[in-house]
Amino acid sequence: MSIPLHEPAPPVIRLDAVRKSFRLPGGAAFDAVHALSLDIPQGEIFGLVGKSGAGKSTLLRLINLLERPDAGRVSVAGHDLTTLGRRALREARQNIGMIFQQFNLLQNASVFDNVAFPLKIHGRHSRAEIDTRVRECLSIVGLGEKIDSHPAQLSGGQKQRVAIARALAPRPQVLLCDEPTSALDSETTRSILQTLRAINEQLGVTIVIVTHELPVVEALCRRVAILEHGRLAEQFELGAPGGERCTVLGREIDALVAQRGSRAPASISQPANDLRYA
Ligand SMILES: Nc1ncnc2c1ncn2[C@@H]1O[C@H](COP(=O)(O)OP(=O)(O)OP(=O)(O)O)[C@@H](O)[C@H]1O
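Cut-offs and rules
Residues numbered from 1 in each chain as written. Predicted model: local features only at pLDDT ≥ 70, side-chain atom pairs only at ≥ 80, totals over all residues. Heavy atoms only, no water. UniProt positions renumbered as here; feature names shortened; annotations may be inferred. Helix = DSSP H or I, 4+ residues; strand = E, 2+ residues; numbered from the N terminus. Near = heavy atom within 4 Å. Polar contact = N/O pair within 3.5 Å; in protein donor to acceptor, adjacent residues only side chain to side chain. Areas by Shrake-Rupley, 256 points an atom, 1.4 Å probe, with all protein chains shown as cover. Pairing = 2+ DSSP bridges.

Points about the UniProt feature "domain: ABC transporter" (unreviewed entry) in the protein
The UniProt record marks residues 13-254 with the feature "domain: ABC transporter" (unreviewed entry), using the residue numbering of this structure. As annotated, residues 13-254 comprises 36% helix and 27% strand, and the C-alpha atoms at either end are separated by 25 Å.

Shown next as structure tokens:
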């Protein structure tokens, strides 16, 4: 049993016995996530790791109901998403940004229009508000000068920055990241991780990251959950003393933390002026 370094903050995401199965071509059901419960504390960077097929992406997509659970409850910021109608769910999703391995940008739209997209479909913002917010978000990710470019003119790291700016545009409390650096080289990965850390520390955004790159977990996360065959095998705080890991991945993460020496836990400071949400 590990002794936590910090009492976790109250959960902003609560998964309560969520289940998801997929229908296979032959008609049989495949259980991707089995009655899994997990609390993700407010303001943290939380890693989801596991072998290929363990159910990480499915679990992440259950958090914003891109996958609807077959059973169980999903609460984000106190709202049980599973009970909401379409309109209320669309509203609740404004609070949950998401980025993907392959960026998922609109290829025929400019950087401005990509970042403006979630604000335009929401339909409650004036043109002036959208313009200001797009510029703010591009400045947060350090890409202000690319506002008129198109995705094809950008590097992979720049595309991911546009995707982050788009995810931040509606001022979400939660940012879901599905393998955000897997398509990037190591130097670009480092700079994207720095940006994600700044967004967490300075804007207070809770980040949940699925990755198969354990150094990413070690560099970024305060807490990690390890999935095996759709089940929660263990979860722990990185660097907490006295932990006995029951999974190979858990022991590998511990070894990375030990290699790095005594690791200062990620600080969750007050928003700085430059990154504060307006
Ligand atoms: N839409 C779907 N239809 C059928 N099976 C699916 C579907 N989505 C996921 N699965 C299956 O569910 C299991 C979990 O998939 P998931 O993508 O969540 O795993 P993962 O841990 O993210 O894997 P990877 O690291 O390879 O992306 C896998 O066996 C996958 O084949």
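Having seen the structure, we can now continue with the description.
Details of the site of the ligand
Contacts to the ligand come from Phe22, Phe30, Ala32, Lys51, Ser52, Gly53, Ala54, Gly55, Lys56, Ser57 and Thr58. Within the backbone of Ala54, one N or O atom sits 3.1 Å away from an oxygen atom of the ligand. Measuring from an oxygen atom of the ligand, one finds a backbone N or O atom of Ser57 at 2.9 Å. If the ligand stood free it would expose 630 Å²; the protein chains cover 60% of that surface. Listing elements by their share of the shell around the ligand, those giving two or more residues are strand S2 (29-41) and helix H1 (56-63).

As for the pairing of strand S10 (residues 231-237)
The pairing of strand S9 (residues 223-228) with S10 spans 6 bridges and is classified as antiparallel. Counted as the bridge partner of Glu228 is Arg231 from S10.

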